[in-house]
Amino acid sequence: MKQITDSNYTVAIAGHVRPDGDCIGSCMAVYWYIKENYPNIKPQVYLEEILPEFSYLAGIEDVLHREDTPIVYDLFLALDCGDKERLGEMKDCFERAKRTISVDHHISNANYAMENLIVPDAAATCEILFYKMDYEKISQKTATALYTGLVHDTGVFKYSNTTEKTMIAAGKLISKGVAFSEIIDESFFQRTYLQHQILGRALLESIRFFDKKCIAAVLRKKELDFYGVNSGDLSGIVSQLALTKGVECAIFIYETSPHVFRVSLRSKSYVDVSAIAKHFGGGGHIRAAGCTMMGSEHDVINNISSQIEIQIEKLEARKSREERTGETVCTME
């Protein structure tokens, strides 16, 4: 990145826990950009376990999952991470670093670093990074990582966060020799037989409510154990739920330990799921967000539903006011 000068110092690069495509892509893109353009700088990527579908990214084998020995880095780059708690085991390393920078596109970002580059209108952190990098210095390895982030945080360029800038970035990355069709197929659409089974289970047991505007599915730990799947095998379930005709908001929850549930939320046009997730200690985007909640599965769904209902009621009140006064309804974009 342009802010990094060619001097002999160390850089830690990390993202959020349970890293997704944008998080992994961001970290690996910055890793290669520094490594190939600033040879005197020593970058090291720290991420939790990376899913096999991202094995095509160069340098994945060099990623560390934790610090074996505490190090005071000259610079810590926190990428695609809304707050330092979500750095997981790398939080202490972040706090020890001499300088810290956060680059993120989550509207819920807490501006926790010494320097913060937060662009909520960007489709992905990889989009922010692309426009901060010198295009001539972006290699095929860096471009592949950046393109991966764009694909995953835009749902292959179909989510509402996709903009002209996103497509321009994607096009320029393709010109660097990115194998775009393989990236989309292998890292986004491809599923194992086991993943298809657990997806089918979630769809089969899903329920609709609020006049069929919402859909929810729950997977309990005993079911995950029975199928032998982990959290990585559950990616894409909430997005599939959201594709149900007539649904505005999708909720997918799975049990990580007794009475502890991970919640994923998606919406199409007017429910702000980032506000709901933030209410329960999480965060994310207006159309895609998540949090962790405690209680029974019924408690979790009821509490989430009550927040959705509040937003629906507000929108209906606005519509009613428009009918009476002719005002324009302001949706929750």
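1. Here's the deal with the sheet that holds strand 6 (residues 207–209)
- An order of 6-7-8-9-11-10 is seen for the six strands of this open sheet, with the pairing classed as mixed. Among the strands making up the open sheet, the edge pair consists of strand 6 and strand 10 (283–284).
- Taken together, the six bridges between strand 7 (residues 214–219) and strand 8 (residues 249–257) define a ladder with parallel strand orientation. Directly across from Val218, in strand 8, lies its bridge partner Ile253.
- Each of strand 6, strand 7, strand 8, strand 9 (260–267) and strand 11 (288–294) is contacted by helix 11 (residues 297–325), which is oriented at about 150° to strand 8, the strand it contacts most.

2. Section: the pairing of strand 2 (residues 42–46)
- Counting buried positions along strand 2 yields four of five residues, so the element is predominantly enclosed.
- With five bridges connecting them, strand 1 (residues 10–14) and strand 2 associate as parallel partners. Across the sheet, Ala12 pairs through a bridge with Gln44, a residue of strand 2.
- Where the polypeptide runs from strand 1 across helix 1 (residues 21–37) and back to strand 2, its parallel neighbour, the crossover connection is right-handed.

3. So, the pattern of salt bridges
- In this structure the tally under the stated criterion is 13 salt bridges.
- A salt bridge links Arg66 to Glu89; the nearest nitrogen and oxygen atoms lie 3.6 Å apart. Of this pair, Arg66 sits in the loop between strand 2 and strand 3 (75–79) while Glu89 sits in the loop between strand 3 and helix 2 (91–96), and the two are 23 residues apart along the sequence.
- Residue class for Arg66 comes out partly exposed when judged on its relative accessible area of 44%.
- Between Glu297 and Arg220 there is a salt bridge whose closest N-O contact spans 3.0 Å. One end of the pair, Glu297, is in helix 11; the other, Arg220, is in the loop between strand 7 and helix 8 (221–227), and 77 residues separate them in sequence.
- Each of Arg201, Glu205, Arg220, Glu223 and Glu297 takes part in salt bridges that share partners, so that together they form one network.

4. A closer look at the nonpolar core
- Core analysis: the largest hydrophobic core is formed by 49 residues, its most contacted members being Ile13, Met28, Leu77, Leu146, Tyr147 and Leu173.
- When contributions to this core are tallied by element, the ones reaching two or more residues are strand 1, helix 1, strand 3, strand 4 (100–104), helix 3 (125–132), helix 4 (140–153), helix 5 (164–174) and helix 6 (180–189).
- It is helix 1 that contributes the most residues to this core, ten residues altogether.
- Formed by 24 residues, the second largest nonpolar core is a distinct cluster that contains Cys249, Val263, Val273 and Met293.

5. Some words on the packing of aromatic side chains
- This structure, assessed with the given rule, holds twelve aromatic pairs.
- Measuring from ring centre to ring centre gives 5.4 Å for Phe94 and Tyr112, while their planes differ by 55°; the resulting arrangement is tilted. Here the residue Phe94 occupies a position in helix 2, and Tyr112 occupies one in the loop between strand 4 and strand 5 (115–118), the gap between them amounting to 18 residues.
- According to the relative accessible area criterion, Phe94 is buried, its value standing at 5%.
- We classify Tyr112 as buried; its relative accessible area is 16%.
- An aromatic cluster of three or more residues is present, and its members are Phe76, Phe94 and Tyr112.
- The positively charged end of Lys165 is found above the aromatic ring belonging to Tyr131, 4.6 Å away from the centroid.

The rules behind the values
Residues numbered from 1 in each chain as written. Predicted model: local features only at pLDDT ≥ 70, side-chain atom pairs only at ≥ 80, totals over all residues. Heavy atoms only, no water. Pairing = 2+ DSSP bridges. Helix = DSSP H or I, 4+ residues; strand = E, 2+ residues; numbered from the N terminus. Contact = heavy atoms within 4.5 Å. Axes fitted to C-alpha atoms, helices over the stretch in contact; angles between N-to-C directions. Buried < 20%, exposed > 50% of the residue type's maximum accessible area, 1.4 Å probe, protein only. Right-handed = clockwise from strand over helix to strand, strands pointing away. Salt bridge = Lys/Arg side-chain N within 4 Å of Asp/Glu carboxyl O. Core = buried A, V, L, I, M, F, W, Y, C linked by side-chain atoms within 4.5 Å. Phe/Tyr/Trp six-rings, centres within 6.5 Å; stacked < 30°, edge-to-face > 60°. Lys NZ or Arg CZ within 6 Å of the ring centre and 35° of its normal.

Scope: geometric values only; no functional claims are made or implied.
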